[in-house]
Amino acid sequence: MIITAGIYKGRKIAVPDESIARPTLSKVRMGVFNTLYSLIGEFEGKTFLDVFGGSGVMGLEALSRGFSKVKVFEKNPKAADIIKKNYKQLGLKPDISIGDSEKLVKKLDETFDVVYIDPPYASNLYEKILKNIKGCIIVVEGIRDINFEGLELIKTKNYGGKMISFLKTLD
C-alpha cells in the first residue's frame, strides 16, 4: 500500500493480513482527505484520531498531509505491531493505544478535530462509538445503514459500495 499525498507521498507501508484488517483503498483515502480539506481547510495544527487503526494508513495519510497530531486505536496486537513498524520506517513514533476501541473512546480525555471510524463491517460498533464522540468532524466508512441520531450529516460519498459519511457533532 502506498501513501497518496503529502510529504510521505509514494512511500510504501505494510498491511496486515486481510483476516485482520481491510485497508482503505487509495481512491477512498484521497476522497476523504479532499473532502476534509473542503470542510476544515488547512490541516496544520489539527488533530486526527483513527479509531480502528488496521495498517495505520489513515493516520499516516493525515500526518503526511499536515495534521499535527495523530492518535490510533487498534485492538489486534499483530496489526498494532504493523502500525508501529510503518511509523518507524517513516521516522515517526506512533501515538497508539492497544485495546478495545469502544472502551478506549469512552476513556478519551482529549478532543480531536477529525475522528475516523472504520470498524469491521459486520460489527455493531458504529453507534456505540458515535455516541461517545464529541466536538469534531467524524468520518465513517461502512457498507450498511448506520444510525446517525444526534449528529449532523454533512456529506455522503459512495466508492463502489463503500459509503463514506462526513458528520458533525451537535454540541
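Rules used throughout
- Residues numbered from 1 in each chain as written.
- Predicted model: local features only at pLDDT ≥ 70, side-chain atom pairs only at ≥ 80, totals over all residues.
- Heavy atoms only, no water.
- Helix = DSSP H or I, 4+ residues; strand = E, 2+ residues; numbered from the N terminus.
- Buried < 20%, exposed > 50% of the residue type's maximum accessible area, 1.4 Å probe, protein only.
- Polar contact = N/O pair within 3.5 Å; in protein donor to acceptor, adjacent residues only side chain to side chain.
- Contact = heavy atoms within 4.5 Å.
- Phe/Tyr/Trp six-rings, centres within 6.5 Å; stacked < 30°, edge-to-face > 60°.
- Right-handed = clockwise from strand over helix to strand, strands pointing away.
- Pairing = 2+ DSSP bridges.
- Axes fitted to C-alpha atoms, helices over the stretch in contact; angles between N-to-C directions.
- pLDDT = per-residue confidence, 0-100.

**Q** So, the side chain of Ser64: which residues are in play, and what are the values?
**A** If you trace the backbone, Ser64 turns up in helix 2 (residues 57–64). Its relative accessible area of 3% is what places Ser64 among the buried residues. A polar atom in the side chain of Ser64 sits 2.5 Å from the backbone oxygen of Ala5.

**Q** Lay out the environment of Ile146 in plain terms, naming residues and giving numbers.
**A** Looking at the element boundaries, Ile146 is found in the loop between strand 5 (137–142) and strand 6 (151–159). On the accessibility criterion, Ile146 (15% relative accessible area) is buried. Placed 139 residues apart in sequence, Ile146 and Ile7 show a C-alpha to C-alpha distance of 34 Å. If we ignore the near neighbours within four places in the chain, the residues touching Ile146 are Tyr126, Glu127, Leu130 and Val140.

**Q** An account of the packing of aromatic side chains is requested, with residue identities and associated values reported.
**A** Here the structure, examined in full by the defined rule, presents six aromatic pairs. Considering the side-chain rings of Tyr37 and Phe43, the 5.9 Å spacing of their centres and the 90° angle between planes classify their relative orientation as edge-to-face. Residue class for Tyr37 comes out partly exposed when judged on its relative accessible area of 43%. Ring-pair connections join several aromatic residues into one group, and the members of that group are Phe33, Tyr37, Phe43, Phe48 and Phe67.

**Q** Any details on the pairing of strand 1 (residues 47–50)? Residues and values, ideally.
**A** Neither face of strand 1 is exposed, since Thr47 and Leu49 on one face and Phe48 and Asp50 on the opposite face are all buried. Once the chain exits strand 1 it traverses helix 2 before rejoining the sheet at strand 2 (residues 69–74), and the crossover so formed is right-handed. Pairing geometry for strand 1 and strand 4 (residues 114–117), over three bridges, is parallel. Paired with Asp50 across the bridge in strand 4 is Tyr116.

**Q** So, the sheet that holds strand 5: which residues are in play, and what are the values?
**A** Read from one edge to the other, the open sheet built from seven strands follows the order 3-2-1-4-5-7-6, with strand pairing classed as mixed. For this open sheet the edge positions go to strand 3 (95–98) and strand 6, each flanked by a neighbour on one side alone. Taken over all neighbouring pairs, the strand axes of this sheet differ in orientation by 15° on average, direction set aside. Where helix 2 meets the sheet, its contacts fall on strand 1, strand 2 and strand 4, and the angle it forms with strand 1 comes to roughly 170°. Running at roughly 155° to strand 2, helix 3 (residues 77–89) makes contact with strand 2 and strand 3 of the sheet.

**Q** Describe the confidence of the model for the protein, listing the residues and the values that go with them.
**A** Summing up the model confidence of the protein, the mean pLDDT is 92 and the portion of residues at 70 or higher is 96%. The secondary structure element of the protein with the lowest average pLDDT is helix 5 (residues 125–130), at 90, and the one with the highest is strand 1, at 98.

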